Amino acid sequence: MKQLISSIRIAFRALRMNKLRSALTMLGIVIGVASVIATVAIGSGATQRIQQQIASIGSNIIIVIPGSMSSSGVRLGTGNAVTLSEADARELAAQCPDVALAAPMVRGGAQVVFGNNNWATGVYGVTPDYLTIRELSVAVGSEFIQQDVDSANKIAVLGQTPVDNLFDGADPIGQSIRIKNVPFTVVGVLARKGQSSQGQDQDDVILLPISTAKRKVIGVKQANADAVDTIMMQAKSGAQIPAAQEEASALLRQRHHLQAADDNDFSIRNLEELFAAQEASSKIMAMMLAAVASVSLVVGGIGIMNIMLISVQERTREIGLRQAVGAKTRDILTQFLVEAITLSLAGGLAGILVGVGASLLISKLAGWTTSIGPGAVLLAVFFSAVVGVGFGYYPARKAAFLDPIEALRYD
Amino acid sequence: MPALIDVRDLHKTYLLGEIVVNALQGVTLTIDRGSFVAIMGESGSGKSTLLNLLGCLDRPTSGRYLLDGISVEAMNRDQLAEIRNRKIGFVFQNFNLLPRMDALENVELPLLYKGSETLDEDELGQLGLAAVGLTGQEHNLPAQLSGGQQQRVAIARALINKPEILLADEPTGALDSHNGAEIMTIFQTLNKAQGITIVMVTHSDEIAAYAGRIIRFRDGLIVGDARAPRAVRGMVVPVLSPLPAGASG
């Protein structure tokens, strides 16, 4: 203990003697640690953003869309068939034990007019369950209820973007807007959701009761008046998503009278998969950045080794004298290791400060989300200590095993 | 009581580049506790090699070395370090003080490597400095001290762990005659008053005359071993302290 304290004192004194040299040596570690901290902060910030986006779409969502359709041997893309129906949605919700909700929807686009303003936006025909599944809430006014669907009321719930573009700051509730020349009464405005991960404006939307949408705006498909574009389902939990998918697939095959050899005339996707892939790629990116940054930590370590070797050489006589008065191998080893670790830890701490500052600056200037956890900081401290020991060991060992006579004679 | 130092047929061979140097070619020697021995000889005669071996800084190629009854010739690095720490004090021609440490820290250095804790290290260090007449200079760096003062700090350092033997390699080689005489006075007092065994390598007959026994070396062998007659021995027996603190050279 006494020797450790004395070693630390000696180390600080030696480092103070060569202030510029110590500072430059530390700079390598400072840059290394700072860049690791900053890249980890950017990487985990990106991951966090993706997770927020997943949450903004709704949780445990499964989407069912119609399968591809062949017409005279021409295979059209997925989603062109009209195989899904409102009845399918009702049965999915009723019969699949792992499915919590199933909401049918139809989609279209339309020019919306209010007063002198008009705006082209997406028009969705939905049921109240859709709002639950998407975790949409109404900021002003009210949402519509099942009865509005049943009686095909001409009411609309608007996203923020059409509100901004049509009403010029006026209160939209109770106003009448025209969609394809049909008047609709605005009953509610959705809370803002922001951009989706694909950069889509999730607020540029108008929700209508599905029945009204079909009859007045989007139009009924000739083949099947009950047809819908999409069924959005919510599994009871994240773990139940695969089971819910299988149940839904089996039920739909049965309802659509598909033989064992037939392909599905629908396809089922869940968003978790999509985002898992996105998250994984952002994690890989972050790890690569961190790997590049840790290379600079290694370079910093080599700087420490270099300076320690010079220091050992300069102090050969001192080492010889210490050996002559009784310093053992371990004493000399400890002394120089402490010096190397002091350099690298001091550099590491400064690096943390610089790294935190840099990531704050990045999030301010570039508008990226950054996040610094205690894990990243601990890791940085740990790594700088490891660098100190790792690159300090060889010079320290060299010092410890000097021949005392030769060391004492060294000029 | 066995001799403090008992060396039998000591050989030391080392390589200088590709040349084999036979530095010691069979030295047999005993030194009694409490004696003051000067070793003389030309450069390369093997006297410094012997001093290094006696100081456990090096191991012989062959032969035996009993230090205080303990066989040390086969000890490892760390065991030798411990022997040096406890039993031996070194005084060098060029003082070998650590330039960044003040006088007191230099004196206390061997305490750092002593296995056990020492209470009142500073008190012990200050006593040591006082004994060589350096009270008031505790916090001066070596560069702020004269050569004679630096050598006295080195002596205080050599004595802090109360060793049995003081080994000195040309202790006055870097000093003028006045300061050299002062160092020798300190040596004599240590030898007489405290019974510390001193082995000193020197070129100078004048300095060697302070010793009670003079051993001469040539080509790695002892060629002369003379004990000074009682009357001549210790021609100066001065009082060690207080030396004037400002005495310098």
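Anything mentioned here points back to the structure above.
Residues numbered from 1 in each chain as written. Chains lettered and ligands numbered in written order. Predicted model: local features only at pLDDT ≥ 70, side-chain atom pairs only at ≥ 80, totals over all residues. Heavy atoms only, no water.

### Thoughts on the sheet that holds strand β5 (residues 70-71) of chain B
Residues and elements named next belong to chain B. Spatially, the 4 strands line up as an open sheet ordered β2-β1-β4-β5, and their pairing is antiparallel. Each end of this open sheet is capped by a strand with a single partner; those strands are β2 (19-31) and β5. The sheet contact formed by strand β4 (residues 62-67) and β5 spans 2 bridges and is antiparallel. For Leu66, the partnering residue across the bridge sits in β5 and is Ser71. (Pairing = 2+ DSSP bridges. Helix = DSSP H or I, 4+ residues; strand = E, 2+ residues; numbered from the N terminus.)

### What to know about the packing of helix α9 (residues 271-314) of chain A against helix α11 (residues 329-365) of chain A
All names here are of chain A. At a minimum axis separation of 11 Å, α9 and α11 run at an interaxial angle of 145°. In the packing of α9 onto α11, the handedness of the crossing is right-handed. Between α9 and α11, the residues in contact are Ile304, Ile307, Met308, Ser311 and Val312 and Phe336, Glu339, Ala340, Leu343 and Ser344, respectively. Class assignment of the residues belonging to the contact of α9 with α11 gives a composition of 7 nonpolar, 2 polar and 1 charged. (Axes fitted to C-alpha atoms, helices over the stretch in contact; angles between N-to-C directions. Left-handed = near helix turned anticlockwise from the far one by under 90°. Contact = heavy atoms within 4.5 Å. Nonpolar A, V, L, I, M, F, W, Y, C, P; charged D, E, K, R; others polar.)

### A short note on the pattern of salt bridges
Scanning the model with the defined rule gives 20 salt bridges over all chains in all. In this structure, A:Arg315 engages A:Glu318 in a salt bridge whose closest nitrogen and oxygen atoms are separated by 3.3 Å. For A:Arg315, a relative accessible area of 4% gives the class buried. According to the relative accessible area criterion, A:Glu318 is buried, its value standing at 13%. Notably, a salt bridge pairs B:Arg8 with B:Asp6, separated by 2.7 Å at the nearest N-O pair. Using a relative accessible area of 40% as the deciding quantity, one classes B:Arg8 as partly exposed. When salt bridges that share partners are traced, they join A:Arg315, A:Glu318, A:Arg322 and A:Glu339 into one network. (Salt bridge = Lys/Arg side-chain N within 4 Å of Asp/Glu carboxyl O. Buried < 20%, exposed > 50% of the residue type's maximum accessible area, 1.4 Å probe, protein only.)

### Some thoughts on the packing of helix α3 (residues 103-112) of chain B against helix α5 (residues 147-159) of chain B
Residue and element names in this part refer to chain B. Running from amino to carboxyl end, α3 crosses α5 at an angle of 30°, the nearest separation of the two axes being 7 Å. What the angle tells us is that α3 and α5 run roughly parallel. Where α3 crosses over α5, the handedness of that crossing is right-handed. Counted together, Ala103, Asn106, Val107 and Pro110 of α3 and Val153, Ala156 and Arg157 of α5 form the full contact between these two elements. (Parallel < 35°, antiparallel > 145°, perpendicular 65-115°, else oblique.)

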